[in-house]
Amino acid sequence: MNTDKAYILGLVIGGGIWGNAEDVFRIRLPYRQWGSYEQNPQRAGQISRDIMSVVSPMFRSIYNISVSFEATNSEWNILCEGDMTDLISDLSSHGISCDGELRETSHLKNIVAALVDDNLKRRFIAGLADTIGSTAKSHRRFTDEIQILSFEIKGFNFAFVCDLCRLLHSVKCYPDQVLWNHPNFHSASNPYYKQWKKGFKLRIQLDQYARFGAFAFRTKAESSQENRRLQQEVHDAVPCPERELSVKASCVHLAENDMCLPECIRGGHYLHNRHVCAVMGCEHAPYDKVSELFAHAGDLVNPFPILYKDEHPFIEDRITNTTIFANRKYTTLLHSVSDLIYKFEENNRQLLFGNTQDKGYPISEIMQAIAYIIADENELNGKRPKGNFLALVKRHIAANPTLSIEFRVPELLTPLVIYGNNRGALVGANNPKVYNSLVQFDKDNSYKFSLRQVTEEDLQNG
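Since the model is a prediction, treat every value here as computed from it, not as a measurement. (Residues numbered from 1 in each chain as written. Predicted model: local features only at pLDDT ≥ 70, side-chain atom pairs only at ≥ 80, totals over all residues. Heavy atoms only, no water.)

Engineer: Outline the sheet that holds strand β3 (residues 66–71), listing residues and values.
Structural biologist: Read from one edge to the other, the open sheet built from five strands follows the order β3-β4-β2-β1-β5, with strand pairing classed as antiparallel. Strands at the two margins of the open sheet, each flanked by one partner only, are β3 and β5 (100–101). Two strands pair when backbone bridges link them, and strand β1 (residues 16–18) and strand β2 (residues 24–29) are joined in this way by two bridges, in the antiparallel orientation. When the sheet's bridge partners are listed, G16 is paired in β2 with I27. Strand contacts of helix α1 (residues 3–15): β1, β2 and β4 (76–81), with the helix running at about 65° to β1, the strand carrying the most contacts. (Pairing = 2+ DSSP bridges. Helix = DSSP H or I, 4+ residues; strand = E, 2+ residues; numbered from the N terminus. Contact = heavy atoms within 4.5 Å. Axes fitted to C-alpha atoms, helices over the stretch in contact; angles between N-to-C directions.)

Engineer: Outline the nonpolar core, listing residues and values.
Structural biologist: Generally speaking, nonpolar side chains in soluble globular proteins are found buried as a group. Ranked by size, the top nonpolar core spans 139 residues in total, and within it V12, F59, L87, L91, F124, F151 and L164 carry the most contacts. Residue contributions to this core peak at nine residues, all from helix α16 (residues 363–374). Each residue touching F59, except ones within four places of it in the same chain, is listed here: I8, L11, V12, F25, I27, N64, I65, V67, C80 and L87. (Core = buried A, V, L, I, M, F, W, Y, C linked by side-chain atoms within 4.5 Å. Buried < 20%, exposed > 50% of the residue type's maximum accessible area, 1.4 Å probe, protein only.)

Engineer: I'd love a proper account of the pairing of strand β18 (residues 404–410), names of residues and values included.
Structural biologist: By the criterion of burial, β18 is predominantly enclosed, with five of the seven residues buried. In the sheet, strand β13 (residues 330–336) pairs with β18 via seven bridges, with the strands oriented antiparallel. Pairing of L333 across the sheet is with F407, part of β18. Strand direction decides the pairing type here: β18 and strand β19 (residues 416–420), joined by three bridges, are antiparallel. Each residue of the ladder has a partner; that of E406, found in β19, is Y419. Linking β18 to β19, which pair antiparallel, is a turn of five residues.

Engineer: Can you lay out the packing of α1 against helix α3 (residues 85–93) for me, pointing to particular residues and giving the numbers?
Structural biologist: Relative orientation of the contacting elements α1 and α3 amounts to 85°, with a least axis distance of 12 Å. As the angle between them shows, α1 and α3 are arranged roughly perpendicular. Mapping the contact onto sequence places K5, L9, V12 and I13 in α1 and L87, D90 and L91 in α3. Across the contact of α1 with α3, the residue classes break down as five nonpolar, no polar and two charged. (Parallel < 35°, antiparallel > 145°, perpendicular 65-115°, else oblique. Nonpolar A, V, L, I, M, F, W, Y, C, P; charged D, E, K, R; others polar.)

Engineer: Can you explain the sheet that holds strand β12 (residues 307–311)? Please cite residues and give values.
Structural biologist: Reading across the sheet, the five strands line up as β12-β20-β19-β18-β13 and stay open at both edges, with antiparallel pairing between neighbours. Strands at the two margins of the open sheet, each flanked by one partner only, are β12 and β13. On average, each strand axis in the sheet is tilted by 20° relative to the strand beside it, whichever way the strands run. Sitting on the sheet, helix α15 (residues 337–346) is in contact with β13 and β18, with an inclination near 85° to β13. Running at roughly 170° to strand β20 (residues 423–427), α16 makes contact with β12, β18, β19 and β20 of the sheet.

Engineer: Give a description of helix α12 (residues 287–294) that names residues and reports values.
Structural biologist: Turning to α12, its buried residues are K289, V290, L293 and F294. In an axial view of α12, the angular spread of the buried residues amounts to 160°, which keeps them on one side of the axis. Exposed residues lying more than 90 degrees from the buried face of α12 are D288 and E292. Structurally, α12 contributes buried residues whose contacts are with α11 (273–279), α18 (432–436), β21 (439–441) and β22 (449–451). (Arc of directions from axis to C-beta.)

Below, the structure is given as structure tokens:
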């Protein structure tokens, strides 16, 4: 192993796609708009130079493989041609089979063991970063002040992500967040959302990566520098065990038992991205902090939709076909939207239609539902209001001060139903004592739990 070979192996594992041909494969660079000839011809030209001046000589020198490229406005492909025997043999020696998209099936443990010093590790990571490490400006933590490098990984290879995270830790490059390919993270509020399979994102602060990582592509390095100039300060990353866990409630998604999920993950409900790390046994997981979350799990889980928005017939269909919803007695009320805005601004954490301080429907979710329901078509992106939802509601109140909306309140704390404008929403209640009683821990893994189905008796006795 040398530094050039380490880089090539990172490049191949990160983007390599193998078919039936024995003498050709390609490395996909999913650069999308970032590398588009139409949107950024100067960067696109530099990408082509990077391929021919950086990648091509290394492949020729190490494996005697020829390199060319093809580009569209959505992706680049490095085309590799020649005798693949030595490359396939090297990958095979590390337990990596040259079949399909490598990052969807590969494990990194064996190859990481061969990276015997930090220089080899950084070069391997650079190969991954040049393929699947996105420096698009949209990757940031809330504002431009903390810029992010995001490793984008398709499929359900949780072990690959965990191995990469460990490798980064080994060179003191601490990940900022892992967005796992799981419905608890891609659809935390809507249990019915089917398009949750969006892949993984392993995010690192660019300041951190600049100290401990590298890019071989000049385009990636320049993009990273441009993004960091948007910051006012240089930021330090905090190791995982020292990080505080900021957690919002998540619903039980219908796909938590999806067969695409690996067995160690399947059937579990996850409160935080580092909860997954604990279940997978990562030595860097903050086990004590994860355990502390379990003590108030009832505040962090919901067996019902937290917020589900759709057209009126689809909401009705969900109610009709969910026994515990269909069995409810609903009281229909008309509420002034102006009064609801007043309540929200007075206390945006208050609960409505509950009988104790910690039971009822969150006004924050109610207001987001109302924004969707009253919005004009040109004020929506799909089911999301464009811009600030509160500003949208206030515009409609200004145009119609007597605007009201229909609530259907169940006699037990199943979801609140809100209707108007041929649209509707289900808003789940906070009910921590009942929800906590639903938690069931796995007998083989003390950090993994699921929620049993809620019953009417649970709600009546809660």
